[in-house]
Structure formats: C-alpha cells, structure tokens
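Overview (structure and organization)
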Amino acid sequence: MGFDKIRGVILDEAKAEAAHIIEGAKRSAEQHVREACARIDEEMERTYRTRVQAIDDEFNRSQIQFKGNAGKQVLARRGEILHKVFAMARGELLTMPSGEYGAIMGRLLERAAGKSGGRLRIHPEDTEVFAAILAGMNEPRDAADQVVLDGEHPLTERGGFVLVTAEFEIDQTLDTLLRDLEQEMTPVIAGELFA
C-alpha cells in the first residue's frame, strides 16, 4: 500500500505540476495571441492610414489637375471672346461714315505728328479721308513741317496710318492700336464680363 500511496502522491504532484505548466502555457499563449492581435491591429491601422493618405493625395492631385485644365479652358474661351470683341470693334471703325472715321483719325494724327512733318502711309482706300484731314492740318504749317501722303509705301490693310518722320516712325494702324488696347484693357474687360 505504501507503494500505491507513493505512486498516488507522485501522480498527484505530477498532475498538479502538469496543470501548473498547462496553465502557464495557456497564459503565455494568450499573451502571445494578445500581442500578435495588437501588432496586427497596429499594422492594419498603419496600412489603413497609408492607403487613405494615398487616396487623398491622388484625389488632391487629380483635383488640382482638373482645376488647372478647367482654368486654362476658361482663360482660352475668355481670350476668344475678347478677341472677337476687338475684331467687332475694328469692323465698326471701318464701317463708320467717313466723317466720323476721319475725325478719329485726325485726332490720332494730330497727336502723333505734333509739330513735326513727315510722310503718311495709308491704305489707298483711305486716301480721300486723309487728304481732307491733311488739308486742314497742313494749312497753318510751314512747308517743312507739313505731313504728306506717301504714295510709294501704301499699307496693305485699311484702317489707320503709319507716320514716318526724320527721327521716328509711329504705327497708328487699327491692328496695332486695337492690339495695344486689348493688352491694356483685357484684365479690366475680363473683370467686368466674367466677374
């Protein structure tokens, strides 16, 4: 009996030790599982944030690109509209009655020539208008300070003139005047038309 009792005590101690080892292994395994789950959660959170940031970055790049392209299209369209406005203005000037057209050209020529004389290049179709302007303009001037028509170098397009003096040349053609005015006035007109 003593042997069975010893054997029973040893088995009980072995069972207790085994239960203690199993309990320790369970705690250790649970700890490893909790740590692994925490690492997986952290990694998933990091991956989620990285992917969300990548999506946000791509969206922002696409939005900026879209806005840039849309802005370019709007500016191009505005430019087309403004160009048409100035083309219409050119057409209006060229279809004015000769008296009104002559008055405008006369003021431009007086300002351009000042007291200087010179040769005036015009389109042949404008000869009558400018002949009348020059007749009145040259009347009080000395012969050296008169402005005369330059029949040898006519302009290829109607509208405006080029005054050539000994010191300078002034381009007052409609194309030049309207181009300069368009460059100067585009921001103002665009602000009023497209605000």
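Everything below is about the structure shown above.
Conventions adopted
Residues numbered from 1 in each chain as written. Predicted model: local features only at pLDDT ≥ 70, side-chain atom pairs only at ≥ 80, totals over all residues. Heavy atoms only, no water. Phe/Tyr/Trp six-rings, centres within 6.5 Å; stacked < 30°, edge-to-face > 60°. Helix = DSSP H or I, 4+ residues; strand = E, 2+ residues; numbered from the N terminus. Buried < 20%, exposed > 50% of the residue type's maximum accessible area, 1.4 Å probe, protein only. Lys NZ or Arg CZ within 6 Å of the ring centre and 35° of its normal. Core = buried A, V, L, I, M, F, W, Y, C linked by side-chain atoms within 4.5 Å. Contact = heavy atoms within 4.5 Å. Salt bridge = Lys/Arg side-chain N within 4 Å of Asp/Glu carboxyl O. Axes fitted to C-alpha atoms, helices over the stretch in contact; angles between N-to-C directions. Parallel < 35°, antiparallel > 145°, perpendicular 65-115°, else oblique. Left-handed = near helix turned anticlockwise from the far one by under 90°. Nonpolar A, V, L, I, M, F, W, Y, C, P; charged D, E, K, R; others polar. Patch = residues over 30% accessible without salt bridge, like charges linked within 9 Å, V, L, I, M, F, W, Y side chains within 5 Å. Areas by Shrake-Rupley, 256 points an atom, 1.4 Å probe, with all protein chains shown as cover. Lys, Arg positive; Asp, Glu negative; His and termini not counted. Charge placed at Lys NZ, Arg CZ, Asp CG, Glu CD. Pairing = 2+ DSSP bridges.

Describing the packing of aromatic side chains
- All told, the structure shown has one aromatic pair when counted by the stated rule.
- Look at F130 and F161: their rings are 5.8 Å apart centre to centre, the planes differ by 75 degrees, and that puts the pair in the edge-to-face class. Note that F130 is positioned in helix 3 (residues 127-138) and F161 in strand 3 (residues 160-164), a separation of 31 residues in sequence.
- For F161, a relative accessible area of 0% corresponds to the buried category.
- Looking at R158, its charged tip hangs above the ring of Y101, at a distance of 5.1 Å from the centre.

What to know about the nonpolar core
- Counting residues in each nonpolar core, the largest one holds 19 residues, and the members touching the most others are M105, L109, L120, F130, V147, F161 and L163.
- The element best represented in this core is helix 2 (residues 98-113), accounting for six residues.
- Apart from residues no more than four positions distant in its own chain, L109 is found in contact with G114, L120, I133, L134, M137 and F161.

Examining the environment of L94
- Tracing the sequence through the fold places L94 in helix 1 (residues 2-94).
- Accessibility expressed as a relative area gives 18% for L94, which makes it buried.
- Sequence separation of L94 and G159 is 65 residues, and the distance between their C-alpha atoms is 6.5 Å.
- For L94, the residues in contact, after removing those within four places along its chain, are R158, G159 and L174.

Some thoughts on the pattern of salt bridges
- Counted by the stated rule, this structure contains ten salt bridges.
- Across the salt bridge formed by E43 and R46, the nearest N and O atoms sit 2.8 Å from each other. With E43 and R46 both in helix 1, this residue pair falls three residues apart, about one helical turn.
- The partner of R90 in a salt bridge is E157, with the nearest N and O atoms 3.2 Å apart. Here E157 lies in the loop between strand 2 (147-149) and strand 3 and R90 lies in helix 1, a separation of 67 residues in the sequence.
- By sharing partners, the salt bridges in this structure join R90, E157 and D175 into a single network.

Focus on the packing of helix 2 against helix 3
- Where helix 2 contacts helix 3, the axes come no closer than 9 Å and their chain directions differ by 50 degrees. Here helix 3 runs oblique to helix 2, going by the angle between their axes. Considering how the two elements wind past one another, helix 2 and helix 3 form a crossing that is right-handed. Between helix 2, through S98, Y101, G102, M105, G106, L109, E110 and A113, and helix 3, the contact on the second element is made entirely by V129, F130, I133, L134 and M137.
- The residue inventory of the contact of helix 2 with helix 3, partitioned by class, reads nine nonpolar, three polar and one charged.

What about a negative patch on the surface?
- Residues E169, D171, D180 and E184 make up a contiguous surface patch of negative charge.
- Mapped by element, the contributors of at least two residues to the negative patch are strand 4 (169-173) and helix 4 (174-193).
- For E184, the location among the structural elements is in helix 4.

Focus: the pairing of strand 4
- As paired strands, strand 3 and strand 4 are joined by five bridges and run antiparallel to one another. What sits directly across from F161, in strand 4, is Q172.
- Between strand 3 and strand 4, which follow one another and run antiparallel, lie four residues.

Focus: the sheet that holds strand 2
- Read from one edge of the open sheet, four strands run 2-1-3-4, paired in mixed fashion. Across the chains shown, the open sheet's two edge strands, defined by having one partner strand only, are strand 2 and strand 4. Mean inter-strand twist for the sheet, computed between neighbouring axes without regard to direction, equals 25 degrees.
- Strands in contact with helix 2 are strand 1 (118-121), strand 2, strand 3 and strand 4; relative to strand 3, the strand with the most contacts, it is inclined by about 20 degrees.

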